[in-house]
Amino acid sequence: MSSTEGGAHAHHDDHHHPVDGFMRKYVFSVDHKWIGIQYGMTALIFLLFGFGLMMIMRWSMAYPGVEVPWVGQWLWPDTGGAMPSEAYNQFGAMHGTIMVFLGVVPLAVGAFGNYVVPLQVGAPDMAFPKLNMASFWCYLPGGVIMLASFFLPGGAAQSGWTSYPPLSVTIEATGQTFWLIGMVFLITSSLLGSVNTIVTIVQLRAPGLTWFRLPFFVWTQLVTAFLLLLAFPPLEAAGLMQLSDRVFDTNFFLPQGLMLNGDPLNNVGGGSALLYQHLFWFLAHPEVYVLILPAIGIVGEIIANNTRKPLYGYKTLIYASIFLGFMSFIVWAHHMFMTGMGTSISAFFQTTTMIISIPSVIILTALLLSLWGGSIRLTTPMLFALSFLPMFAIGGLTGLPLGLISSDIHLHDTYYVIGHFHYVVAPGTLMALFGGIYYWFPKMTGRKMSDVLGKLHFWGSFVTLNGVFMPMFIQGLGGVSRRLFDGGEAYAHAEPYLWLNKVMTHSAFLLGAFQVFFIINFFMSIFIGRKVDANPWKATTLEWTDAPSPPVGHGNFEHTPVVYRGPTEYSVPGHDKDFTPQSEPDPAPPEPEPEPEPAEEPAEAPAGAEASAGEEK
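Owing to the predicted nature of the structure, the values given are computational and were not obtained by experimental measurement.

Regarding the overall build of the chain
Here comes step 1: Along the chain, the regular secondary structure elements total 19 helices and four strands.
Here comes step 2: When the backbone C-alpha atoms are referred to their principal axes, the chain occupies close to 145 × 55 × 50 Å.
Here comes step 3: Each of the 617 residues in the chain was classed as buried or not, and the buried ones make up 54%.
Here comes step 4: Summarising the internal contacts of the chain: among those between residues at least 6 apart in sequence, 78% fall at separations of at least 24.
Here comes step 5: Counting only carbon and sulfur atoms, one obtains 67% of the accessible surface of the chain, whose full area is about 27400 Å².
Here comes step 6: Each charge sign in the chain was given a centre, from 25 positive and 41 negative side chains, and these centres are 8 Å apart.

Below you can see the structure in the form of structure tokens.
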């Protein structure tokens, strides 16, 4: 490129990317990297708040009627600081909503998806930057509206994170209405983000980045985006219909003959409470894979990098992820076996539930086999990734009895269900997300987090998470129901298992204490963490090899990267280093040496020449 062309190009960039002011750069940003950071920081704050709600609930279950330490007198002075039952219902509904819709999904999809996907596909930004900004500014108000409901008459939502009618329609709590409004905002945010992710991956891939050269993390984000795009609209419709039932006295979900406190409800009839359950679970079961697939992608990236070998069965992992996404749309009614559906349709959903376990096992097996023969580096991200494997396995295996009609009759609505779901989301997904934070932190900041604090955070969290959730299986098998504010103290059959409530509560408080190591590590490393180069993990994908750390401004790359190979080319025989970047061209074959020309034979001297030479001498 001539200097004239370079100058024109630079002028073109300056014309289209003027220096941003504070509001445009940090508040209403259209840069995918800053939007990813906005999502990540906001989601972590929501996760911390939701975790706080859980600790207060656990105290109430372990010590019913006893003052909650630190906050009890401030929150409930009328009860002497003890948690009342209606407050337990509010905290339970909001804990589930916050952790799933305001915490894990925005962190897995909004933060990691926004920040990492454009860098891994070699794109200058997301396909629709302003749509990206709009998605965050639908998410944040949705969360604020939900949290504001705590301060409204009647308190926050009290119908569980599922918001089942008729309770959710008839309950006199303004917070339930705000829950629905907030949910509409959150769903809209996810729909905008999913469209953006799909178009970015399909249209903005770097030259040479064919489908089977995409990093596995990008594939999981692509499948996740399709799940969000196809599964969330039914729930948004259900939310709007339930909002209409509450505000405009329609009857989408209220059947005939309802009684409230012994009195018949007027102006009801013609609706179906089960219709809402179908619409909710049509989203909520794909939502489980929205939580788990990005985590699987993160674990795949970390395992390949820290074993210094390619992922085992890369294409098989991709096909299994796609099949998992497809099957997640035809298993939703296994949540509804107790609603009286016919045996034929129950048998169908029981069968599809068993089938969907197959791709999960394939993915887990491939990740385990990727460890075989590897040069394993037990870095902090690798510890979190390794812990994901057995935790996800426990979560998946304990789900099988819930997918079988006969065993689900006993286990439905017990603590077994809580243990199963949380093993997938907390020791599973959250450990993977923590691993992703430790892994990509150097890319976002140019600094590395402390390994000492990171490993303290890991081991403390790993042990205490199991202390919180493993006893739930024992309680559930003993028939202890969930959603009991006193932990089951009022039921005789729960008495042998009440001591486990104290085990879980103490584990939860210790878990909270170990998060202090992460918080200190995170903020300390932003300012005084050890500075590292652009590729401290010696990784192969484009975000590490072609973009500076942190990537500055619009564009991400100084030059458009060109991809020559797959995403996990580690320890390739014959190479002088143990990683080969995707953008490194193959070495040119050596030019063949020219064949030496045959030496010319000296010409014979003419007769008499030697004699004449002698005479001259």
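Notes on the packing of aromatic side chains
Here comes step 1: Counted according to the given criterion, the structure contains 50 aromatic pairs.
Here comes step 2: Ring centres 5.0 Å apart and planes at 70° place the aromatic pair Trp332 and Phe349 in the edge-to-face group. Taken together, the residues span a long stretch of sequence, with Trp332 in the loop between helix H11 (314-327) and helix H12 (343-369) and Phe349 in helix H12 at a distance of 17 residues.
Here comes step 3: Given the relative accessible area of 18%, Trp332 is considered buried.
Here comes step 4: On the numbers, 6.4 Å between centres and 65° between planes, the contact of Tyr423 with Phe469 is edge-to-face. Taken as a pair, Tyr423 in helix H15 (residues 415-445) and Phe469 in helix H16 (residues 451-477) lie far apart in primary sequence, 46 residues in all. Phe469 shares its class with Tyr423; the two are buried.
Here comes step 5: Site record: aromatic cluster; members linked through ring pairs are Phe384, Phe434, Tyr438, Phe441, Phe458, Trp459, Phe462, Phe518, Phe522 and Phe523.

Some remarks on the pattern of salt bridges
Charged atoms that come close allow side chains of opposite charge to pair.
Here comes step 1: Counted by the stated rule, this structure contains seven salt bridges.
Here comes step 2: Across the pair Arg482 and Asp413 runs a salt bridge, and its minimum N-O distance is 2.7 Å. Separated by 69 residues along the polypeptide, Arg482 in the loop between H16 and helix H17 (499-528) and Asp413 in the loop between helix H14 (405-411) and H15 bring together distant segments of the chain.

A closer look at a nonpolar patch on the surface
Here comes step 1: Together, Val202, Trp211, Phe212, Tyr319 and Ile322 make up a nonpolar patch on the protein surface, roughly 430 Å² of accessible area in all.
Here comes step 2: Checked against the element boundaries, Phe212 lands in the loop between helix H8 (174-203) and helix H9 (216-247).

Overview of helix H6 (residues 129-148)
Here comes step 1: In this model H6 runs 29 Å from its N-terminal to its C-terminal C-alpha over 20 residues, within 8% of the 28 Å that 1.5 Å per residue would give.
Here comes step 2: Close packing links the buried residues of H6 with helix H2 (22-27), helix H3 (32-62), helix H5 (85-120) and H8.

Section: the packing of helix H10 (residues 273-307) against H12
Here comes step 1: Contact geometry for H10 and H12: axes closest at 11 Å, N-to-C directions at 20°. Judged by the inter-axis angle, H10 sits roughly parallel to H12. Remark: the crossing between H10 and H12 carries left-handed chirality. Across the interface between the two elements, Tyr289, Ile296, Val299, Gly300 and Ile303 of H10 pack against Ile356, Ile363 and Leu367 of H12.
Here comes step 2: Residues of the contact of H10 with H12, tallied by class, amount to seven nonpolar, one polar and no charged.

Concerning the nonpolar core
A general feature of soluble globular proteins is that nonpolar side chains tend to end up buried together.
Here comes step 1: Grouped together as the largest cluster of nonpolar side chains are 165 residues, with contacts concentrated most on Met83, Met94, Phe112 and Phe388.
Here comes step 2: If you tally residues by element for this core, the top one is H5, at 20 residues.
Here comes step 3: Not counting residues up to four positions away in its chain, the partners in contact with Phe388 are Ile292, Ala295, Ile296, Val299, Gly428, Thr429 and Ala432.

A look at H11
Here comes step 1: With 14 residues, H11 should cover 20 Å at 1.5 Å per step; its first-to-last C-alpha distance of 20 Å lies within 8% of that length.
Here comes step 2: Considered for burial, the residues of H11 that qualify are Tyr314, Leu317, Ile318, Ala320, Ser321, Leu324, Gly325 and Met327.
Here comes step 3: Contacts from the buried residues of H11 go to H9, H10 and H12.

Observations concerning unusual backbone geometry
Here comes step 1: The residue after Pro165, namely Pro166, is reached through a cis peptide bond having omega 5°.
Here comes step 2: One can find Pro166 in the loop between H6 and helix H7 (167-170).
Here comes step 3: In this structure, the amide linkage connecting Ser549 to the following residue, Pro550, adopts the cis form with an omega of -5°.
Here comes step 4: Despite not being glycine, Ser163 has its phi angle at roughly 55°, a positive value.
Here comes step 5: Tracing the backbone through its elements, the reader meets Ser163 in the loop between H6 and H7.
Here comes step 6: Its identity as a non-glycine residue notwithstanding, Asp249 has a phi of 60°, on the positive side.
Here comes step 7: Looking at where Asp249 falls in the secondary structure, it is placed in the loop between H9 and strand S1 (259-260).
Here comes step 8: With relative accessibility at 59%, the residue Asp249 sits in the exposed group.

Digging into the side chain of Gln242
Here comes step 1: Residue position: Gln242 is located in helix H9.
Here comes step 2: Owing to a relative accessible area of 0%, Gln242 belongs among the buried residues under this scheme.
Here comes step 3: Excluding anything up to four places from it in sequence, Gln242 contacts Ser163, Pro165, Ser168, Val169, Gln176, Leu180, Phe253 and Tyr276.

Some points on the side chain of Ser583
Here comes step 1: Relative to the helices and strands, Ser583 is located in the loop between helix H18 (542-545) and helix H19 (609-616).
Here comes step 2: A polar side-chain atom of Ser583 sits 2.5 Å from a polar atom in the side chain of Asp546.
Here comes step 3: In this structure, Ser583 is in contact with Leu542, Thr545, Asp546, Val562 and Tyr564, ignoring residues within four places of it in sequence.

Examining the packing of H10 against helix H13 (residues 380-397)
Here comes step 1: Running from N to C, H10 and H13 point in directions that differ by 130°, and their axes come no closer than 9 Å. Taken as axis vectors, H10 and H13 run oblique relative to one another. Crossing of H10 against H13: the hand is left-handed. Side by side, H10 and H13 meet where Ile292, Ala295, Ile296, Val299, Ile302, Ile303, Asn306 and Thr307 of the first sit next to Pro381, Met382, Ala385, Phe388, Leu389 and Phe392 of the second.
Here comes step 2: Here the contact of H10 with H13 is built from residues that sort into 12 nonpolar, two polar and no charged.

What counts and how
- Along each chain, the written sequence defines residue order, and numbers are assigned to residues from 1.
- Local features in this predicted model are restricted to residues of pLDDT 70 or higher, and side-chain atom pairs are both shown and tallied only at a pLDDT of 80 or more, whereas totals for entire chains, interfaces and linings draw on every residue.
- Calculation of side-chain values draws on the structure's entire complement of heavy atoms; hydrogens and water are dropped beforehand.
- Where helices and strands are cited, they refer to DSSP runs of H or I of at least four residues and of E of at least two residues respectively, numbered from the N terminus.
- Burial classes follow relative accessibility: with a 1.4 Å probe on protein chains only, a residue under 20% of its type's maximum area counts as buried, one over 50% as exposed, and anything between as partly exposed.
- By the convention used here, residues are in contact when the closest approach between their heavy atoms is within 4.5 Å.
- All accessibility values rest on the Shrake-Rupley procedure with a 1.4 Å probe; residue burial counts only the protein chains present in the view.
- Only four residue types enter the tally: Lys and Arg on the positive side, Asp and Glu on the negative side, with His and both chain ends excluded.
- In plain terms, the charge of a residue is placed at NZ if it is Lys, CZ if Arg, CG if Asp and CD if Glu.
- What counts as a ring pair is set by centres within 6.5 Å for rings of Phe, Tyr and Trp (its six-membered ring), and what kind of pair is set by the plane angle: stacked under 30 degrees, edge-to-face over 60, tilted for all other angles.
- Note on definitions: salt bridges are taken to be side-chain nitrogens of Lys or Arg within 4 Å of carboxyl oxygens of Asp or Glu.
- Patch membership is restricted to residues that have no salt bridge and whose relative accessible area is over 30%. Joining uses 9 Å for like charges and 5 Å for the nonpolar side chains Val, Leu, Ile, Met, Phe, Trp and Tyr.
- What a helix is expected to span follows from its residue count: subtract one and scale by 1.5 Å.
- Here the axes come from fitting lines to C-alpha atoms, over the contacting stretch only for helices, and the angles between their N-to-C directions go from 0 to 180 degrees.
- An angle counts as roughly parallel when it lies under 35 degrees, as roughly antiparallel when it exceeds 145, as roughly perpendicular when it falls between 65 and 115, and as oblique in every other case.
- For any helix crossing, the convention is left-handed if the near helix is rotated counterclockwise from the far helix by under a right angle, and right-handed if that rotation is clockwise.
- Residue type decides the class: Asp, Glu, Lys and Arg count as charged, Ala, Val, Leu, Ile, Met, Phe, Trp, Tyr, Cys and Pro as nonpolar, and the leftover types, Gly among them, as polar.
- By nonpolar core we mean a set of buried residues, namely Ala, Val, Leu, Ile, Met, Phe, Trp, Tyr and Cys, connected to one another through side-chain atoms within 4.5 Å.
- We call two N or O atoms a polar contact when they sit within 3.5 Å, provided that within protein one can donate a hydrogen and the other can accept it, with sequence-adjacent residues counted only if both atoms are side-chain atoms.

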